Amino acid sequence: MFTSFPHFNCGLSSSKQNWLPWSLLLLSLTCESSAFYVPGVAPINFHQNDPVEIKAVKLTSSRTQLPYEYYSLPFCQPSKITYKAENLGEVLRGDRIVNTPFQVLMNSEKKCEVLCGQSNKPVTLTVEQSRLVAERITEDYYVHLIADNLPVATRLELYSNRDSDDKKKEKDVQFEHGYRLGFMDVNKIYLHNHLSFILYYHREDMEEDQEHTYRVVRFEVIPQSIRLEDLKADEKSSCTLPEGTNSSPQEIDPTKENQLYFTYSVHWEESDIKWASRWDTYLTMSDVQIHWFSIINSVVVVFFLSGILSMIIIRTLRKDIANYNKEDDIEDTMEESGWKLVHGDVFRPPQYPMILSSLLGSGIQLFCMILIWGWVWVAWPPLLFVAMLGMLSPSSRGALMTTACFLFMFMGVFGGFSAGRLYRTLKGHRWKKGAFCTATLYPGVVFGICFVLNCFIWGKHSSGAVPFPTMVALLCMWFGISLPLVYLGYYFGFRKQPYDNPVRTNQIPRQIPEQRWYMNRFVGILMAGILPFGAMFIELFFIFSAIWENQFYYLFGFLFLVFIILVVSCSQISIVMVYFQLCAEDYRWWWRNFLVSGGSAFYVLVYAIFYFVNKLDIVEFIPSLLYFGYTALMVLSFWLLTGTIGFYAAYMFVRKIYAAVKID
């Protein structure tokens, strides 16, 4: 069985979710590609009047960041409620996919139908139910439905030419994920109790003697609020909508019982869009130019750093090496200040080598998780190439999250290997303790913070709370998969020959001269972090909007370029900073370089605070706690990633320059 995935426009769909802590830093990347087929799932072909099932996913709000199940509110229920079997990613996202009583038939119109209740017996909301519905409306909750795995969207028509005549105005059509539960007007609360579904189908080419088949290619909804008195229902559950604007909206009074009808209508339209490209409507971005501006800005930053680096290597460094290698001027050279004077201490093991190697091992694990993505049937190609081919389909709900969790577990063997070899290079001896530290330090912090946040989510009865069996399963994955693999990698890494340092370390440490103010560690973090952050902050805005404001994001092609630029800029700035430090005769570069290289994480934290104050409308304690808790995990992971990249770039640079000079 094969399925055609969409033709992606450099782009992935993401919305505000509570899965953030479980898949931090999964910056997978994809670029524009043509549709192709992937084993496992097939497009569903419908015949005339075949049932098209409408399912509910959840309720979400950018104000509370707490998703809820669809039936947490008193919506009409089918005779038997059936929840879809969900994968790990869907559970972590807070999805609870369930059937609904909507009766939709392929290419069959419905003008108006009562969903539940009878013409003489409308639905009655109790005071408690009315209060709950009113609370969710005031919190700006959206309802998310799917048809044929395609999410419902609300069409928004924006006019770009405001000052021109009406005839010359150009419509800018955008789509909003889900539909609003209701709205407020003059301190009154109104519920959207009528849904006008607009479904688009593509007629498949068939032979003359075969029956036509149809495929769903778009799912839109127009929510309306119509009060009970304006809806005329008959005994067959059919209803008549009021004409024009004569009707009044359905008010929800939280202080008393409310009576209303839940109704819906269905309209079908034929579309030229093929099934393989049906996601393009949702994922088309109108602001691509600003992303190109971001890329150009980032490239300028990289060229700026490359210029500084070239000046250091080509001019200063070569001159230093030439002077140091002059045997006749060796005495004068030794009296000069410079990076060669600390050759006997530059590879002296730092304090807490076990913790340093463990953190770097976790950074390698994160780095491998970002780059490697495999499908069993194609021999585990890198994620980057799979994504660029378009395999990261948004229709694979939760698959990205599930693979991220398993991938991080399996990458423990690489993290353990790199940590073990570095630990031995730093003269460490307790490899078993080091392996346990590598396997538990970073994951333990993430799991601990997530568990505390999850307790608060449990208290709010949100579907975003990870169920206890799922948490046990994650613990089993951690201690049953990741821990043994880290020990395995650590064992072989510790047994392998340590990194060959080009110079010997003196027995007596050299005295470090007093450093100038700009060599302060915090100043170094500020200096080193600004340029890599400047290369990515525009994309960071769109990522934050996707996570926290229920926006679509599928520009992984741009994100891939930004990630490559980030790696290059972190490496370059790390080399520059360690060179200046060694020229100041400060050989304690191990920890400092790791901290300074992750300086852009500090700016991510500052930007997250700015975004919270200026962009979000979060005022309650628990949503604020969730935001800053998840942000702390994001900053920690980003610091580990960029710090690891910078550390290994600086380590290779230091080994290279000291191997190029003659040491007596």
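The residue numbering used here restarts from 1 in each chain and proceeds along that chain's sequence as written. The model is predicted, so local features are restricted to residues of pLDDT at least 70 and side-chain atom pairs to those at 80 or more, both for listing and for counting; the totals for chains, interfaces and linings are taken over all residues. Side-chain descriptors were evaluated using all non-hydrogen atoms of the structure, hydrogens and water having been removed beforehand.

- In the nomenclature of an unreviewed UniProt entry, the chain corresponds to Transmembrane 9 superfamily member from the organism Propithecus coquereli.
- UniProt positions are given in the numbering used here, feature names are shortened, and annotations may be inferred rather than shown by experiment. Regarding the chain, the UniProt comment filed under Sequence similarities (unreviewed entry) reads as follows: "Belongs to the nonaspanin (TM9SF) (TC 9.A.2) family."

## Focus on the overall build of the chain
For step 1, the next point in the chain: Counting secondary structure elements, the chain contains 17 helices and 19 strands.
For step 2, the next point in the chain: Each residue is placed in one exposure class: buried if its accessible area under a 1.4 Å probe, protein chains only, is under 20% of its type's maximum, exposed if it is over 50%, and partly exposed if it falls in between. Out of the 664 residues in the chain, the part that is buried amounts to 54%.
For step 3, the next point in the chain: When the accessible area of the chain is evaluated, it comes to approximately 30700 Å², of which 57% is carbon and sulfur surface. A run of H or I in DSSP counts as a helix once it spans at least four residues, and a run of E counts as a strand once it spans at least two, with each numbered from the N terminus. Every accessible area reported is derived by Shrake-Rupley at a probe size of 1.4 Å, with residue values counting cover from the shown protein chains alone.

## Quick look at the packing of helix 13 (residues 537-548) against helix 16 (residues 600-614)
For step 1, the next point in the chain: Axis angles are defined between N-to-C directions and span 0 to 180 degrees, where every axis is a line fitted to C-alpha atoms and, for a helix, only to the segment in contact. Interaxial distance between helix 13 and helix 16 falls to 12 Å at its minimum, and their mutual angle equals 50 degrees. With respect to each other, helix 13 and helix 16 are oriented oblique. Regarding helix 13 and helix 16, the two cross each other, and that crossing is right-handed. On helix 16, the residues touching Leu540, Phe541, Phe544, Ser545 and Trp548 of helix 13 are Val604, Tyr607, Ala608 and Tyr611.
For step 2, the next point in the chain: Each residue gets one label: Ala, Val, Leu, Ile, Met, Phe, Trp, Tyr, Cys and Pro are nonpolar, Asp, Glu, Lys and Arg are charged, and the others, such as Gly, are polar. When grouped by side-chain class, the residues that make up the contact of helix 13 with helix 16 number 8 nonpolar, 1 polar and no charged. For classification, angles of less than 35 degrees are called roughly parallel, those exceeding 145 degrees roughly antiparallel, those between 65 and 115 degrees roughly perpendicular, and all remaining angles oblique. If you view the pair so one helix is near and one far, a crossing is left-handed when the near helix is turned anticlockwise from the far one by less than a right angle, and right-handed when it is turned clockwise. Only heavy atoms enter the contact rule, under which two residues are in contact if any of them lie within 4.5 Å.

## A look at the state of the cysteines
For step 1, the next point in the chain: Pairs of cysteine sulfur atoms within 2.5 Å are what we label disulfides. Applying the stated criterion to the full structure yields 2 disulfides.
For step 2, the next point in the chain: Between the sulfur atoms of Cys76 and its disulfide mate Cys116 the distance is 1.7 Å. Taking the torsion about the S-S bond as the criterion, the Cys76 to Cys116 disulfide, at about -50 degrees, is left-handed. With Cys76 in the loop between strand 3 (54-60) and helix 1 (88-93) and Cys116 in strand 5 (residues 110-116), the pair connects residues that are 40 residues apart, well separated along the chain.
For step 3, the next point in the chain: There is a disulfide in this structure between Cys112 and Cys239, and the S-S distance comes to 1.7 Å. Because the sign of the S-S torsion sets the handedness, a value of about -90 degrees for the bond joining Cys112 and Cys239 places this disulfide among the left-handed ones. Taken as a pair, Cys112 in strand 5 and Cys239 in strand 17 (residues 239-240) lie far apart in primary sequence, 127 residues in all. For the pair formed by Cys112 and Cys239, the shared burial category is buried.
For step 4, the next point in the chain: When the cysteines engaged in disulfides are numbered in sequence order, the chain pairs them as 1-3, 2-4.

## Section: the environment of Arg430
For step 1, the next point in the chain: By the element assignment, Arg430 lies in the loop between helix 9 (412-425) and helix 10 (431-459).
For step 2, the next point in the chain: With residues near it in sequence (within four places) discarded, Arg430 still touches Met354 and Tyr423.

## Considering the side chain of Ser196
For step 1, the next point in the chain: Note that Ser196 resides in strand 14 (residues 194-203).
For step 2, the next point in the chain: Think of a polar contact as two N or O atoms within 3.5 Å of one another; within protein, one of them needs to be a possible hydrogen donor and the other a possible acceptor, and neighboring residues in sequence only count if both atoms come from side chains. A polar contact is formed between the side chain of Ser196 and the side chain of His194, at a distance of 3.3 Å.
For step 3, the next point in the chain: A polar atom in the side chain of Ser196 sits 3.3 Å from the side chain of Ser265.
For step 4, the next point in the chain: When residues no more than four places from it in sequence are discounted, the contact partners of Ser196 are Glu220, Val221, Ile222, Gln224 and Ser265.

## Comments concerning the pattern of salt bridges
For step 1, the next point in the chain: Salt bridges are identified by distance alone: a Lys or Arg side-chain nitrogen within 4 Å of an Asp or Glu carboxyl oxygen. Scanning the entire structure with this criterion turns up 13 salt bridges.
For step 2, the next point in the chain: A salt bridge links Lys110 to Glu113, with the shortest nitrogen-to-oxygen separation between them at 3.5 Å.
For step 3, the next point in the chain: Its salt-bridge partner being Arg227, residue Asp230 comes within 3.0 Å of it at the nearest N-O pair.
For step 4, the next point in the chain: A cluster of three or more residues bridged by salt bridges with shared partners is formed by Glu135, Arg136 and Glu139.

## Brief notes about the pairing of strand 3
For step 1, the next point in the chain: For strand 3, the tally of buried residues reaches 6 of 7 residues, placing the bulk of the element in the interior.
For step 2, the next point in the chain: Summarising the sheet, strand 3 and strand 7 (residues 142-147) pair through 6 bridges and their orientation is antiparallel. Pairing of Lys58 across the sheet is with His144, part of strand 7.
For step 3, the next point in the chain: Here a strand pair is declared whenever DSSP counts at least two bridges between the two strands. Alignment of strand 3 against strand 4 (residues 98-99), held across 2 bridges, turns out to be antiparallel. When the bridges of strand 4 are listed, Lys55 appears paired with Asn99.

## Details of the environment of Asn45
For step 1, the next point in the chain: Within the secondary structure layout, Asn45 lies in the loop between strand 2 (37-39) and strand 3.
For step 2, the next point in the chain: Taking relative accessible area as the criterion, Asn45 reaches 39% and is therefore assigned partly exposed.
For step 3, the next point in the chain: Considered as a pair, Asn45 and Glu204 are 159 residues apart in the sequence and their alpha carbons are 8.7 Å apart.
For step 4, the next point in the chain: The contacts of Asn45, once residues within four sequence positions are left out, are Glu204, Thr213, Tyr214 and Arg215.

## Structural notes on the pairing of strand 19 (residues 262-270)
For step 1, the next point in the chain: Relative to strand 19, strand 5 runs antiparallel, the two sharing 4 bridges. From the neighbouring strand, Glu113 faces strand 19, where its bridge partner is Tyr264.
For step 2, the next point in the chain: Note that strand 14 and strand 19 share 8 bridges and pair parallel. Its bridge partner lying in strand 19, Phe197 is registered against Val266.

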